[in-house]
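Below, each chain spelled out in residue letters.
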Amino acid sequence: MNLCFKLLIFLLVGISKNASAQHIGFHGKIDLTTHIGFDKTSIPVNIKIIQRNTASIELYSENQNMKVDSAGSYFMMIGNGKNSTGNVDSIIWSDGSFFLQIASIENNKFEETISLRIPTSINPENTEGIISDTENKGFGKFSINKSPSRAPKKITFDLSTNYVNLDYPGDTYPIYRHYEWFDTDGDGNGNSFMLTYSDKTTHEFWQNSKKIGDVKLYATPFQEIIINDLQNNIDFEITKPEKVKNLSITYAIKSPFSLIYLIEW
């Protein structure tokens, strides 16, 4: 079993068992040309997390409001809704495919099924490796060679880095994040799922985006991981970290970082 796959299984299973009161910050998008009049409104919806393996199983359900902006974007903190059934904490994300079903409660005006995660496929065509922050900058632009000429089906990143309380900069504390970005139609915009160990942050999902994920402890991220280009190579960027203040304490990223990647074609 290779290094990337071992770490992936460890993270996906371990996070599900160890995180407490975990939620999912869901960044969604809808097509306003299809759903006319949905912008700047609050729509009562039912949300379900569905696992599909040999059969479909409803793992979680809740009701809350979906507020759509003028660009068709919306954000919901899944786990904060009402009339919930099931438990987000108990989901073992490594087991099968996962989907989010969103349906309006009133008048059946909106219904969508969104792919949250696709299973990892281990095969000889996959590309894997480690990117080390040899310059100790904590950020930068990077390129992974494309062996096949086609676009990647899925990109998995496991990032380890450190942060400090700037009042005590000699003491460092670890940050581990697991990211899965997948682009099933090959248009360069994919769905990205970020899993976290920290009790200060939630899991997070971005729909139809070039963003792979954030590095953060609180609401404001230290930095982002973004895909810049998929044409000739896989070019991505870990942005320059920003200082974050919380309860009068200022935190900052402390380099270096290490990034393990697995590319599925």
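Residues numbered from 1 in each chain as written. Predicted model: local features only at pLDDT ≥ 70, side-chain atom pairs only at ≥ 80, totals over all residues. Heavy atoms only, no water.

K.L.:
I'd like a description of the packing of aromatic side chains, backed by residues and values.
P.N.:
Inspection of the entire model under this criterion finds 11 aromatic pairs. On the numbers, 4.9 Å between centres and 45° between planes, the contact of F157 with F236 is tilted. A residue pair is termed long-range when its members are at least 10 positions apart, and F157 in strand β10 (residues 154–165) and F236 in strand β16 (residues 233–238) qualify at 79 residues. Residue class for F157 comes out buried when judged on its relative accessible area of 1%. Each ring, one from Y218 and one from Y251, has its centre 5.7 Å from the other, and the planes form 35°; the classification is tilted. Here Y218, found in the loop between β14 (211–215) and β15 (223–229), pairs with Y251, found in strand β18 (residues 249–264); they are 33 residues apart in sequence, far enough to count as distant. Members of the aromatic cluster, each reached through a chain of ring pairs, are F26, Y74, W93, F98, F193 and F205. (Phe/Tyr/Trp six-rings, centres within 6.5 Å; stacked < 30°, edge-to-face > 60°. Helix = DSSP H or I, 4+ residues; strand = E, 2+ residues; numbered from the N terminus. Buried < 20%, exposed > 50% of the residue type's maximum accessible area, 1.4 Å probe, protein only.)

K.L.:
Please set out the sheet that holds strand β9 (residues 140–145) residue by residue, giving values where relevant.
P.N.:
Strand order across the open sheet formed by four strands is β9-β16-β15-β14, with antiparallel pairing between neighbours. One side of each edge strand has no neighbouring strand; the edge strands of this open sheet are β9 and β14. In this sheet, adjacent strand axes meet at a mean angle of 20° when their direction is disregarded. Taken together, the four bridges between β14 and β15 define a ladder with antiparallel strand orientation. Across the sheet, D214 pairs through a bridge with E224, a residue of β15. (Pairing = 2+ DSSP bridges. Axes fitted to C-alpha atoms, helices over the stretch in contact; angles between N-to-C directions.)

K.L.:
Could you give an account of unusual backbone geometry, with specific residues and numbers?
P.N.:
With an omega dihedral of 10°, the bond running from S255 to P256 counts as a cis peptide bond. Within the secondary structure, P256 is located in strand β18. Of note, L247 is a non-glycine position whose phi angle comes to about 50°, a positive value. On the basis of relative accessibility, which here comes to 75%, the residue L247 falls in the exposed class.

K.L.:
Tell me about the pairing of strand β4 (residues 73–78), and name the residues and values.
P.N.:
Burial along β4 is one-sided: the residues Y74, M76 and I78 are buried and none of S73, F75 and M77 is. Across six bridges, strand β1 (residues 24–29) lies against β4 in antiparallel orientation. Bridging across to β4, H27 finds its partner in F75.

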